[in-house]
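# Summary of structural features
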Amino acid sequence: MLTKQKDDFAKWYNDVVLGADLAEYSPVKGCMIIKPYGYAIWENIQKAMDIEIKKLGASNAYFPLFIPEKFLKKESEHVEGFSPQVAWVTHGGNKKLQERLAIRPTSETIMYDVFKNWIQSYRDLPLKINQWANIVRWEMRPRLFLRTLEFLWQEGHTAHATKEEADEMAESALRMYQGFAQDWLGIYCVPGKKTEAEKFAGALYTLSVEALMKDGKALQMGTSHQLGQNFSKSFGIQFLDEKGRKNYVWQTSWGVSTRMIGGLVMAHGDDKGLILPPKIAPYQIVIIPISQDGLVKNHISKIEKSLKEIRFITDNRIQQTPGWKFNEWELRGVPLRIEIGPKEVKENKITFVLRNNLKRQTIDFKQFNPKKLLDSLQKELLAETKNFTEENTHQVKSYSEFKEIINKKGGFIRTYWCGDSKCEKKIQEETKATIRCIPMRQKNKNGRCIKCGKESKLEVFFAKAY
RNA sequence: CGGGGUGUAGUAUAAUGGUAGUACGCUGGCUUCGGGAGUCAGUGGCCUGGGUUCAACUCCCAGCACCCCGACCA
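Everything quoted here is computed from the prediction, not taken from an experiment.

Basis of the calculations
Residues numbered from 1 in each chain as written. Chains lettered and ligands numbered in written order. Predicted model: local features only at pLDDT ≥ 70, side-chain atom pairs only at ≥ 80, totals over all residues. Near = placed C-beta within 6 Å. Helix = DSSP H or I, 4+ residues; strand = E, 2+ residues; numbered from the N terminus. Nonpolar A, V, L, I, M, F, W, Y, C, P; charged D, E, K, R; others polar. Pairing = 2+ DSSP bridges. Axes fitted to C-alpha atoms, helices over the stretch in contact; angles between N-to-C directions.

## Structural notes on the protein's contact with RNA strand B
Near RNA strand B, the surroundings consist of 43 residues, among which Lys-29, Met-140, Gly-323, Gly-341 and Lys-343 are the closest. Mapped by element, the contributors of at least two residues to the surface near RNA strand B are helix H1 (9-19), strand E11 (218-228), helix H10 (322-331), helix H11 (342-347) and strand E18 (349-354). Looking at the surface near RNA strand B, the element that brings in the most residues is H10, giving 8 residues. Looking at side-chain class alone, the surface near RNA strand B contains 16 nonpolar, 13 polar and 14 charged residues.

This is the structure we're talking about:
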């Protein structure tokens, strides 16, 4: 039986991921096997997002998995940030390599080394490359989908002539991620800027979209970096402008990972298991025959034919009872279930259950409109997460209230911060909450830093994070 | 890297210093099917190395692995 969410959220999460057959542990520490059902979700994410990425003007390419050590060392902040997490290849066959090869923790350096050749003139700009790939980061404490040593992601890398253009690019990538999380995954999120302490190693600044999970912890759903000229200067990526002057390019990079699947589980799931948004569900509908007689089969094949452009599966396994299948497909999060037995056949009806409310309804077959049902479920999921996020975004009057809420309720705390990283760090040490982001929308009112009391207009979102 | 835990069948677990049991799964049969069916038969297992012992899955030591909790992080 599934652990209850409120009893032990972490255990519930593992139970769902394993039980819904999304993934399983691998023989290799900290790595996971993404099983067909979980991978199908990733494929649907890829399919939809790839279109959005191309709308941003990026083209797909593929760069090597191995990165020469000297590349990684070129940008000092970058190497410092990543070196604790890099896996190294030291031997090729039995022969020791002259220079170690890093297994990419991210591809800035291997890409930018050739960008310097690809970019000579302002006519070569902007350059926008995207890569779907696997990444290795030697994390200390792995968790299925949320933090594994190897994970799958998409990384966009662009180069621009001006800072403004790069600013705009970083922002449109972020808006794309926000739109994707909300429209496709049904997960409401807060867009904002990271603090200096939380930004990407080597970036000018980092943007992110943050979503609240059902246990009140925040999860970063996507991130976008304005890299400034940090990398172009280390890698010598220069172009001649219209007036023949040499300039360094301004760059961005942005990515989302299979972590999003973990977000899906924790943002929508309940004590019955996963709830998948119809748009990315491998199966949008499951049809369960209540009995195996020919009339039922006929009725079902009539229904199957009416399901155009809908991903569905008919669970014909005879060794399992209907009740068993109900539980199974609820655990796996299929948005809409159809039940067909002798009753439905006799009266030409259809019985269905939506995953988010589990209420059984029987209606005339003619009135059955699955697309409409799936659409409304998709919208309800977003509305629910939006509602949840708003209900769990707290205002606080004092630091003691801050601590109280972080410890007991969780959720976001929207408050003022003086901008000093010392306050940020102290709060983290004392409460484990971090500044998830400086939200895009600022009220521009006067407030006081929740920690030191200094006057500030800067509003931030605090939360415990994954 | 620190703290804790666990290694027994495909999975989850139990017991025992003297030839390993249960449940689920899997295979076959019959009966079933409107919220995790019943029955009969079958299948299948002690992480590695060393020590103690007449005898080790069990006790001791070491190793390895994995999981959980923290610091690092998408």
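## Remarks on the sheet that holds strand E5 (residues 87-92)
Across the sheet, which stays open at both edges, the 3 strands sit in the order E4-E6-E5 with antiparallel pairing between neighbours. Single-partner strands in this sheet number two, and they are strand E4 (66-68) and E5. Here the strands of the sheet are splayed against their neighbours by 50 degrees on average, with no regard to which way each runs. As paired elements, E5 and strand E6 (residues 95-103) share 5 bridges and run antiparallel to each other. Bridged to Val-89 within E6 is Leu-101.

## Observations regarding the sheet that holds E18
Pairing is mixed in the open sheet, where 5 strands are placed in the order E16-E15-E17-E18-E19. In this open sheet, the two edge strands, each paired with only one partner strand, are strand E16 (312-314) and strand E19 (360-364). Strand-to-strand twist across the sheet, computed as the mean angle between neighbouring axes with direction ignored, equals 25 degrees. Of the strand pairs in this sheet, strand E15 (residues 285-289) and E16 are connected by 3 bridges, and their pairing is parallel. Note that in E16 the partner of Val-286 across the bridge is Ile-313.

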